[in-house]
Amino acid sequence: MRLKTSLLQEPKHKELVSCVGWTTADELYSCSEDHQILKWNLLTSETSLVVKLPEEMYPIDLHWFPKTVGGKKQNQTEIFVLTSTDGKFHLTSKIGRIEKSVEAHKGAVLAGRWNYDGTALITAGEDGQIKIWSKSGMLRSTLASQGSPVYSVAWGPDSDRILYTSGRQLVIKPLQPSAKVIQWKAHDGVVLKVDWNSVNDVILSGGEDCKYKWSYALEKPNTGSVFSLAWSADGTQLAGACGNGHVIFAHVVEQHWEWKNFVITLTKRRTMQVRNVMNDAVDALEFRDRVIKTSLAYGHLVVATSLQCYVYNSRNWNTPLIFDLKEGTVSLILQAEKHFLLVDGAGLYIFSYEGRLISSPKFPGMRADILNAQGVSVSNDTIAIRDKSDEKVILLFDGLTGKALGDGKPLTHKLEVVEIALDQCGPSTERKIALIDKNRDLYLTSVRHLGREPKICKIGSMVHSMAWNDAANILCGIQDNQFTVWYYPSAVFTDKELLPKTLYIKDGSEFSHAPHILSYVGTKVTLRQGDGSLVYSCVPPYPALLHEYSTSARWEDALRLCRFAKDQSLWACLAGMAMANRELTTAEMAYAAIGELPRVQYINFIKEQPSKESSLAHMLMFSGQVQEAEATLLQAGLIYQAIRVSIDLFNWERALELAVKHKTHVDTVLAYRGKFLQTFGRKETNKRFLQYAEGVEVDWEKIQAKIEMELSKEREKAANASLRNSVASRR
């Protein structure tokens, strides 16, 4: 990716250009010390004079009133704030008429910025003061006062904090008086410019020490100093205010997108090149308007221009499906196998690859303009969105209807969530979501939990980035200083002690500092390093094949694959998959292969159970789902088995409670309790047990006979059920 710059032969301004600001994606206003405000139309390449300012007025900064507030367009006349050297700011209309001038500071007003909902304006001055004003220009408060000039100021993404310069320092000051102020040394020289990205929460600063981080390209046009930079709303164009009277424009070209054997390059604003690396075939894609956003995955290329959306199938690059867009500011495209999510300034939309609008989820306080790929995830059946107003909350929607899942209750984590990702494969009832919280811990939970409290299980720590595989539910992540792959993350729900054995870990020293995972397709993981370069890492192909065999119940093939690969992590994955699918014979062999003999013995015990209900209950016990196991047994009328579950877990209170409630096996509970206490040489102190011990006789022979009789009844019932099923199948 690089910026292609353009510059007129002769400057339109006669003096230094102090500030620039975009009204739309193709229209720009510029202010100069020649007292002129010019309008630049990039579609027609025309420049026109908006207004000639008074001779005593020298502009410094301008900022347009936000066009959308909470996803809704503003109806009022478009205005901008213009700050000047005479200590005033001026509320100015689009035609250049000054609606109001306000005495704001002693000395020059160096910066002025509207907040994101247009309810407040902040100004910073040469006098070291920062003031907050109402939309109409009434002073609300003086937020800070210091001895040195404040050269630049920016609002936080939620408009609840202010970022400003203070000499070599940067300061974040919350609007709440009692909240903590954050301050740090940012540069070795005076900090002159600062901005705060509302989408990814990144702060950018520039100072007199001339320090910068990496560059994609370097050009040295004849512009003099650049006093102000402004990106267009769609993020594809840049304008700069130059010291010699020029306004320099630049647009993004040579972006690359890769998927399997296709590489797509944006060669010009309206042209793309598709290269198939298998046969070196090249296709050229032409668009009517400027390309704004692009995504390539699942065999489809989705391109959003300023007016339309183009959907290409990788099998045919000649005939795209085209539909019109309501807004020309698409900020995010996310793809799933069956459809894609498109986000613009007004909302979120799910489209099929045939161009049909499927759903458009909405929620209170929705701000589509600040949604990013870390806070939104989409699969074939589900949409997950991190709630910006409370970052502990994840909102879940049905992808096909756009309605909130289940009872509408969102998923709530104990800490703020920084990244979410839905898995892409399998049925909707088994959909999982992975999330990274503020502590950089990685958790996994089910999306559809049928009214029960969701079980959120931790599967990793110090995780900085993650991605699901496109064809199997395998998760990869950057964990501390290593690259980790969770071959079967759902093992945490079946047997959490199995999870560490299903990991593939690779030393991360080949990556630079803080790499970010872009995609995980097939066996290839694409990462972007801290310096902007792309690197790739490969994952063994066997786990994805094992997932395929498990999904289609090809257990013999799965066993053969594990024997061939001779990999302990594959055997561990197979053990978890087989238990999750209640395939006990395969699970027994897999556990034996990794030396888990106690689990092999327990699986044999499950096999020996007299009925399906008992077997199911003990499989649930195996996975740690005690309450579900007990409920299964009680529902089947197997009271002794349910009581025995609590006895085996030494949950004596619950065992006695069940026995008393169902008026059976009170003597059994007392007998096992007495045996337990005798083993440890202790006496009974529990009042309830002492109370029932007085009126109940404990006779081991009677207890054993009663147990055997119940087990015989269970076997007989199971045999009769099996016979009925056999007869029914013959008919």
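As a reminder, the structure under discussion sits directly above these lines.
Overview of the structure. (Residues numbered from 1 in each chain as written. Predicted model: local features only at pLDDT ≥ 70, side-chain atom pairs only at ≥ 80, totals over all residues. Heavy atoms only, no water.)

Helices and strands together make up the secondary structure of the protein chain, namely 13 helices and 51 strands. With the C-alpha coordinates of the protein chain rotated into their principal frame, the extents come out at 110 × 65 × 50 Å. Evaluated residue by residue, the protein chain yields a buried proportion of 50% over its 731 residues. Looking at the protein chain as shown, the accessible area adds up to about 35,700 Å², and 51% of this sits on carbon and sulfur atoms. Across the protein chain, 86 positive and 82 negative side-chain charges occur, with their mean positions spaced 3 Å apart. (Helix = DSSP H or I, 4+ residues; strand = E, 2+ residues; numbered from the N terminus. Buried < 20%, exposed > 50% of the residue type's maximum accessible area, 1.4 Å probe, protein only. Areas by Shrake-Rupley, 256 points an atom, 1.4 Å probe, with all protein chains shown as cover. Lys, Arg positive; Asp, Glu negative; His and termini not counted. Charge placed at Lys NZ, Arg CZ, Asp CG, Glu CD.)

Here the focus is the pairing of strand β47 (residues 482-486). Burial analysis of β47 places four of its five residues in the buried class, which makes it a mostly covered element. With five bridges connecting them, strand β46 (residues 475-479) and β47 associate as antiparallel partners. Its bridge partner lying in β47, Gly 477 is registered against Thr 484. Counted along the chain from β46 to the antiparallel partner β47, the turn is two residues long, and its residue Asp 480 has a positive phi close to 55 degrees. Pairing geometry for β47 and strand β48 (residues 503-507), over five bridges, is antiparallel. Across the sheet, residue Val 485 finds its bridge partner in β48, namely Tyr 504. (Pairing = 2+ DSSP bridges.)

Before going further, it helps to examine helix α9 (residues 639-648). Most of α9 is tucked away, with eight of its ten residues classed as buried. Within the span of α9, buried status applies to Ile 639, Tyr 640, Gln 641, Ala 642, Ile 643, Val 645, Ser 646 and Ile 647. Phe 650 sits one or two residues past α9 and shows a positive phi near 60 degrees.

There is a patch of nonpolar side chains on the surface, built from Leu 518, Leu 534 and Tyr 536 and spanning about 250 Å² of accessible area. With respect to the helices and strands, the residue Leu 534 is situated in strand β51 (residues 534-538). (Patch = residues over 30% accessible without salt bridge, like charges linked within 9 Å, V, L, I, M, F, W, Y side chains within 5 Å. Salt bridge = Lys/Arg side-chain N within 4 Å of Asp/Glu carboxyl O.)

Strands in a sheet are paired, the pairing made by backbone hydrogen bonds, and the direction either parallel or antiparallel. Taken in spatial order, the four strands make up an open sheet running β16-β17-β18-β19, and their pairing is antiparallel. Two strands lie at the open edges of the sheet, namely β16 (153-155) and β19 (182-185), each paired on one side alone. Taken over all neighbouring pairs, the strand axes of this sheet differ in orientation by 15 degrees on average, direction set aside. Where strand β18 (residues 169-174) meets β19, four bridges bridge the pair, whose relative direction is antiparallel. Within β19, the residue paired with Ile 172 across the bridge is Ile 182. (Axes fitted to C-alpha atoms, helices over the stretch in contact; angles between N-to-C directions.)

Structurally, the position occupied by Cys 19 is in strand β2 (residues 17-24). Residues Cys 19 and Tyr 29, spaced ten residues apart in sequence, show a C-alpha to C-alpha distance of 8.5 Å. Contacts of Cys 19, omitting those with residues within four sequence positions, involve Tyr 29, Ser 30, Cys 31, Ile 60, Asp 61, Leu 62, Leu 82, Ser 228 and Ala 241. (Contact = heavy atoms within 4.5 Å.)

Here we come to unusual backbone geometry. Notably, Glu 254 is not glycine yet its phi reads approximately 60 degrees, a positive angle. Within the fold, Glu 254 resides in the loop between β24 (247-253) and β25 (256-259). Here Glu 254 falls in the partly exposed class, since its relative accessible area comes to 33%. For Arg 440, which is not glycine, the phi torsion reads 70 degrees and is therefore positive. The residue Arg 440 is located in the loop between β42 (432-437) and β43 (442-446) in this model. Here Arg 440 falls in the partly exposed class, since its relative accessible area comes to 27%.

Once that is clear, we can look at the pattern of salt bridges. Tallied over the entire structure, the rule returns 32 salt bridges. The partner of Glu 27 in a salt bridge is Lys 94, and the shortest N-O contact between them spans 3.4 Å. Placement of the pair is Glu 27 in strand β3 (residues 27-32) and Lys 94 in the loop between β10 (88-93) and β11 (98-103), with a sequence separation of 67 residues. Judged by relative accessible area, Lys 94 falls into the partly exposed class, the value being 25%. Ionic contacts of the salt-bridge type, sharing partners, join the residues Asp 381, Asp 398, Asp 423, Arg 431 and Arg 448 into one network.

Looking now at the nonpolar core. Ranked by internal contacts, the top residues of the largest apolar core, which has 59 residues, are Leu 442, Phe 483, Leu 546, Leu 574 and Tyr 591. With nine residues, helix α4 (residues 568-580) is the largest single contributor of residues to this core. Counting residues in hydrophobic clusters, the runner-up holds 31 residues, among them Leu 266, Val 291, Tyr 312 and Tyr 349. (Core = buried A, V, L, I, M, F, W, Y, C linked by side-chain atoms within 4.5 Å.)

A sheet is described by the order of its strands in space; here four strands give the open sequence β37-β38-β39-β40, paired in antiparallel fashion. Looking along the sheet, the strands with just one partner apiece sit at the ends: β37 (376-378) and β40 (411-412). Judged from the two bridges that link them, strand β39 (residues 393-398) and β40 form a sheet pairing that is antiparallel. What sits directly across from Val 393, in β40, is Thr 412.

Topologically, Gln 335 is positioned in strand β33 (residues 332-335). A polar contact is formed between the side chain of Gln 335 and the backbone oxygen of His 300, at a distance of 3.2 Å. At 3.1 Å, the side chain of Gln 335 forms a polar contact with the side chain of Tyr 353. Those residues in contact with Gln 335 that lie beyond four places of it in its chain are Ser 295, Leu 296, Ala 297, Tyr 298, His 300, Val 302, Phe 340, Tyr 353 and Val 378. (Polar contact = N/O pair within 3.5 Å; in protein donor to acceptor, adjacent residues only side chain to side chain.)

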